[in-house]
Protein chains: 2
Amino acid sequence: MPHSPNSPSDLRLLFGRRLREERRARNLTLEDVAEKSGLNWSYIAQIERGERNIGIDNIDTLAKALNVDPIDLMRHSSSY
Amino acid sequence: MPHSPNSPSDLRLLFGRRLREERRARNLTLEDVAEKSGLNWSYIAQIERGERNIGIDNIDTLAKALNVDPIDLMRHSSSY
């Protein structure tokens, strides 16, 4: 069944956690990623907390800003 | 930079192609996937063609409906 805005998918929550992990692993602030991606820093913060249903185009944009494969933002990291 | 609605990301186009591949590999129609996912069949058709910026919650929903890892919908298949 589709997810309601009040019940974020597991994938959404995983993506947010992994995005934060990869950002911090690069010692980047939200502002740094905002500058690299062209997205608003508060929007990125909401994504990291799983509060927004990010679209696939912005998944691509954020992955490129962090120089990471988008796939790696959707699976549990083996390096932590 | 963020993507405009008129310039779908590479990831969006890849996802659409892979979704169609995996659906056809299971001999499922758009209507079958609509029934399994609770999403509208014409919406799914637009996703397959890369015409919609699908949200991560619906990526999760469609992957579950096809019983495929969402990661496998975001990388080129090695089995075709």
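All of these numbers come straight from a predicted model, not from anything done at the bench.

Student: Hey, could you go over the interface of chain B and chain A for me, with residue numbers and the actual values?
Tutor: Each side of the interface is counted separately: chain B has 25 residues, and chain A has 25 residues. By the criterion of area lost to chain A, the three top residues of chain B are Ile 56, Asp 57 and Ile 71 of chain B, representing 30% of everything that side buries. Between chain B and chain A we count two salt bridges in total. Linking chain B to chain A there are 10 residue pairs in polar contact (both at pLDDT 80 or more). Put simply, the parts of the chain that give the side of chain B that touches chain A at least two residues each are helix H1 (10-25) and helix H4 (56-66) of chain B. No other element matches the six residues that H4 of chain B contributes to the side of chain B that touches chain A.

Student: Report on the relation of the copies chain B and chain A, specifying residues and quantitative values.
Tutor: Relating one copy of the chain to the other requires a rotation about an axis plus a shift along that axis. For the match of chain B to chain A, the screw axis carries a shift of 0.0 Å, the RMSD comes to 0.0 Å, and the turn is 180 degrees. Read as a symmetry element, the transformation amounts to a two-fold axis. Taking C-alpha positions as reference, the residue of chain B nearest the rotation axis is Gly 55 of chain B, located at 2.0 Å. Taken together, the interface assignments show that 100% of the residues at the interface of chain B recur at the interface of chain A, consistent with an identical surface on both copies.

Student: Give me the side chain of Arg 12 of chain B: which residues, what numbers.
Tutor: Relative to the helices and strands, Arg 12 of chain B is located in helix H1. A distance of 2.4 Å separates the side chain of Arg 12 of chain B from the side chain of Asp 57 of chain A, its partner in a polar contact.

Student: So what about the nonpolar core? Which residues, and what values?
Tutor: Counting residues in each nonpolar core, the largest one holds 44 residues, and the members touching the most others are Phe 15 of chain A together with Phe 15 of chain B. Those elements that provide at least two residues to this core are helix H1 (10-25), helix H2 (30-37), helix H3 (41-48) and helix H4 (56-66) of chain A together with H1, helix H2 (30-37), helix H3 (41-48) and H4 of chain B. Setting aside chain neighbours within four positions, we find Phe 15 of chain B in contact with Ile 56 of chain A together with Ile 47, Ile 54, Ile 59, Leu 73 and Met 74 of chain B.

Student: Can you tell me about the environment of Arg 49 of chain A, naming the residues and giving the values?
Tutor: Residue and element names in this part refer to chain A. Along the chain, Arg 49 turns up in the loop between H3 and H4. For Arg 49, a relative accessible area of 45% gives the class partly exposed. Residues Arg 49 and Ile 59, spaced 10 residues apart in sequence, show a C-alpha to C-alpha distance of 15 Å.

Student: Any details on the packing of H1 of chain A against H3 of chain A? Residues and values, ideally.
Tutor: The angle between the axes and the distance between the axes are what describe a pair of packed helices. Residue and element names in this part refer to chain A. The interhelical angle for the contact between H1 and H3, taken along N-to-C directions, is 120 degrees, at an axis separation of 7 Å. Comparing their axes, H3 and H1 come out oblique. Of H3, the residues touching H1 (which contributes Phe 15, Gly 16, Arg 17, Leu 19, Arg 20 and Arg 23) are Ile 44, Ala 45, Ile 47 and Glu 48. Partitioned by chemical class, the residues of the contact of H1 with H3 number five nonpolar, one polar and four charged.

Calculation criteria
- Residues numbered from 1 in each chain as written.
- Chains lettered and ligands numbered in written order.
- Predicted model: local features only at pLDDT ≥ 70, side-chain atom pairs only at ≥ 80, totals over all residues.
- Heavy atoms only, no water.
- Contact = heavy atoms within 4.5 Å.
- Buried area = accessible area lost by both parts, 1.4 Å probe.
- Salt bridge = Lys/Arg side-chain N within 4 Å of Asp/Glu carboxyl O.
- Polar contact = N/O pair within 3.5 Å; in protein donor to acceptor, adjacent residues only side chain to side chain.
- Helix = DSSP H or I, 4+ residues; strand = E, 2+ residues; numbered from the N terminus.
- Least-squares fit on C-alpha atoms with pLDDT ≥ 70 in both.
- Core = buried A, V, L, I, M, F, W, Y, C linked by side-chain atoms within 4.5 Å.
- Buried < 20%, exposed > 50% of the residue type's maximum accessible area, 1.4 Å probe, protein only.
- Axes fitted to C-alpha atoms, helices over the stretch in contact; angles between N-to-C directions.
- Parallel < 35°, antiparallel > 145°, perpendicular 65-115°, else oblique.
- Nonpolar A, V, L, I, M, F, W, Y, C, P; charged D, E, K, R; others polar.

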